[in-house]
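Residues per chain are reported as follows:
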Amino acid sequence: MRKTISRLFALSAGVLLATPAAAQVGYGATTAAGDAIVLVGEAGNLIEPGIVYVYRPGSGAWGEARQLRASDASVADGFGRSIAIDESANIALVGADAADAAYLFATAGMREIARLSVDGAEGSKFGSAVALGDGLAVIGAPAYGDGRGAVYVFVRDVEAWNLLTMIEGDGTEPGEGESEGRGEGFGASVAVHGDWILVGAPGGSVDMFLGAAFSQGPPTGAAYAFRYTSGAVERTTKLAAQFGADGATFGFSLAAHDDLLIVGAPTTDGFAGAAHVFTLADDAWNWSARLTPFDSRPGAMFGASVGLTDGQAIVGAPGAGSGRLEGRVYSFHHDASGEWSGASKLASPGLKWGSTYGASVAASGDTLVAGVPGDDYGAGSAVIMTRLADGWDRTRVLSEARGLEAITGNPVPCENGRAGMFECDGLDLVSFLPVHEMGGGRGVTTNDLWGWTDSETGRDYVVQGLRDGTAFVDITDPENPTFVGKLAKSDASPASLWRDVKIHQDHAFIVADASGPHGVQIFDLHKLREFNGTPLTFAEDAHYSNVNSTHNIFVNEDTSFAYAVGNSSGGETCGGALHMINVEDPQNPVFAGCFQPMVQ
């Protein structure tokens, strides 16, 4: 058996069975709203340029009107990383931080009218944040100057947009215990309100925040107010948060409307989060309120996104949901006396583990859009809401599933380090099956794989782990792999990035990590002989439930014992060490005990 597995691994090195990365990532991570238009970005696309989707209201629902790409679009250009709309001026601004550029579109017809960029901004993440005002375009570059950050202000002169000035961040202003080497991230968020330019400096990059990679703990962050008068920009004040601003990444998100400014601080109190409200009075922004959810809990990241519309603040908490990152969106009402009250949740049905509903929010008038970039295993979606007299009408929107084309029948030679779009080193590409041709739906990706040769038929198969199950591919003819069928994950378990497979006595033993009560699925591989040209839907032949989530499984073929390791999420975890199973009769597994090494 070991010899057979070795042979199949050699084949699978040339028969690439998975995309090099997800075909599309993070639709809904950025959003913008007008009264009669909604824009949703998909900037994380790794196999084609970024896209911004344009939606307009129709009869009873919002529908896709157009897709925007940059005129000089390139793969993974980050187009759509930030979006802003100025309906009164009929323009939209889209940032492309990987290309260090931003693009202006006329909302009538959505035609591109200008490309904004500056010399010396390369690698600065120019375009990470954008905002529009009366004749102003403000663009953040939070990675400028080793993370100090900068903001660029462009002004309109008839039909041309010219750079007026660059505003550099102050540099690190560390609080107690903070690192002197950490950048300020000035320009990670921006907003415009009248002749005011508001800039967030959360103390690090957006990517660092999303990965929670704070070696010295979350930074405090800051926000600044600038005034645009007489053709110049003048700094007026640094906005100060009150009530527990330490370690808050204050300034991570910003929104301004109707003489109000809301500043998100999503790492406040152990990532529970908060949002701070400032009121414009007597030519100054004064702190007036601290908003927190009524069901606040650590990890919710309340304030990761914020929006303002008439008398209402909208705040996203993408980490909320009992540690499941389902996400929540909250609404707070502002009455005539200046008090905030009437807090409520804006629900979205069907949220799953990792949906991150509320990672982005935008509001205008009676229109609200909330991004759900973790939906469909990271492909993402968005919810457009229209306020009615008795509540909100909702429309779920998403991008179409897209993927690479299969490569079969014609091997692609490795030339100059590439075989087609794939990198290579001395190994030709024999064939390629994308995920969507192995039973994978929108957003599904692959993980581990194993192999099996049917001793009776001599046919070779790959057993390929997917996020939501296991696929079986016949590679007897390696230039023409054939999808045979799929075994879905355990019903009670969520999808998993990590699945592991081993084979013993012609049975596949399948485990998954971080997957709740997944257990060990046991599948009789002889069923693959039932394939007659139409992909099959398989059921497991046995299920071992004494262990739940498992990082890996090993089978000693000489002794017929299986060893599950890295166990968690309930069941007999054996402290994460060896959970031993007698699989002499593969379809009747028996718990044989635990083994944990002595720790000196």
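Bear in mind the structure is a predicted one, so any value in this text is a computation, not a measurement.

Peer 1: Can you explain the overall build of the protein chain? Please cite residues and give values.
Peer 2: Scanning the protein chain for helices and strands turns up five helices and 45 strands. Relative to the globule expectation of 25 Å for 600 residues, the C-alpha radius of gyration of the protein chain, 27 Å, shows essentially globular dimensions. Referenced to the eigenvectors of the C-alpha coordinate spread, the extents of the protein chain come out at roughly 85 × 55 × 50 Å. Burial statistics for the protein chain: of 600 residues in total, 53% are counted as buried.

Peer 1: Any chance you could break down the pattern of salt bridges for me, citing the residues and the numbers?
Peer 2: Applying the stated criterion to the full structure yields 18 salt bridges. Close ionic contact of R529 with E456 constitutes a salt bridge, the shortest N to O distance being 3.3 Å. Linking R529 in the loop between strand 39 (520-524) and strand 40 (536-538) with E456 in the loop between strand 33 (446-453) and strand 34 (460-466), this pair joins segments that are 73 residues apart in sequence. The class of R529 is partly exposed, set by a relative accessible area of 33%.

Peer 1: Go over the packing of aromatic side chains with me, naming the residues and quoting the values.
Peer 2: Scanning all chains against the criterion turns up 17 aromatic pairs. Aromatic pair F554 and Y563: ring centres 6.4 Å apart, planes at 25°, arrangement stacked. Joined through ring pairs, the aromatic side chains of F294, F302, Y330 and F332 make up one cluster. Across the ring face of W450, the terminal group of K502 is positioned such that the distance to the ring centre comes to 5.0 Å.

Peer 1: With reference to specific residues and values, describe the state of the cysteines.
Peer 2: The final tally for this structure, using the stated rule, is two disulfides. Put simply, C414 and C424 are joined by a disulfide, and their sulfur atoms are 2.1 Å apart. Torsion about the S-S bond of the C414 and C424 cystine: about 95°, corresponding to right-handed handedness. Highlighted residues: C414 in the loop between strand 29 (391-397) and strand 30 (418-419) and C424 in the loop between strand 31 (422-423) and strand 32 (431-432), separated in sequence by ten residues. Accessibility expressed as a relative area gives 16% for C424, which makes it buried. With a sulfur-sulfur separation of 2.0 Å, C574 is cross-linked through a disulfide to C594. Between C574 and C594 the sulfur-sulfur dihedral comes to about -60°; the bridge is accordingly left-handed. One end of the pair, C574, is in the loop between strand 43 (561-571) and strand 44 (578-582); the other, C594, is in strand 45 (residues 590-595), and 20 residues separate them in sequence. We classify C574 as buried; its relative accessible area is 2%.

Rules behind the numbers
Residues numbered from 1 in each chain as written. Predicted model: local features only at pLDDT ≥ 70, side-chain atom pairs only at ≥ 80, totals over all residues. Heavy atoms only, no water. Helix = DSSP H or I, 4+ residues; strand = E, 2+ residues; numbered from the N terminus. Rg over C-alpha atoms; globule rule 2.2 N^0.38 Å. Buried < 20%, exposed > 50% of the residue type's maximum accessible area, 1.4 Å probe, protein only. Salt bridge = Lys/Arg side-chain N within 4 Å of Asp/Glu carboxyl O. Phe/Tyr/Trp six-rings, centres within 6.5 Å; stacked < 30°, edge-to-face > 60°. Lys NZ or Arg CZ within 6 Å of the ring centre and 35° of its normal. Disulfide = S-S within 2.5 Å.

This is a description of form; function is not addressed.
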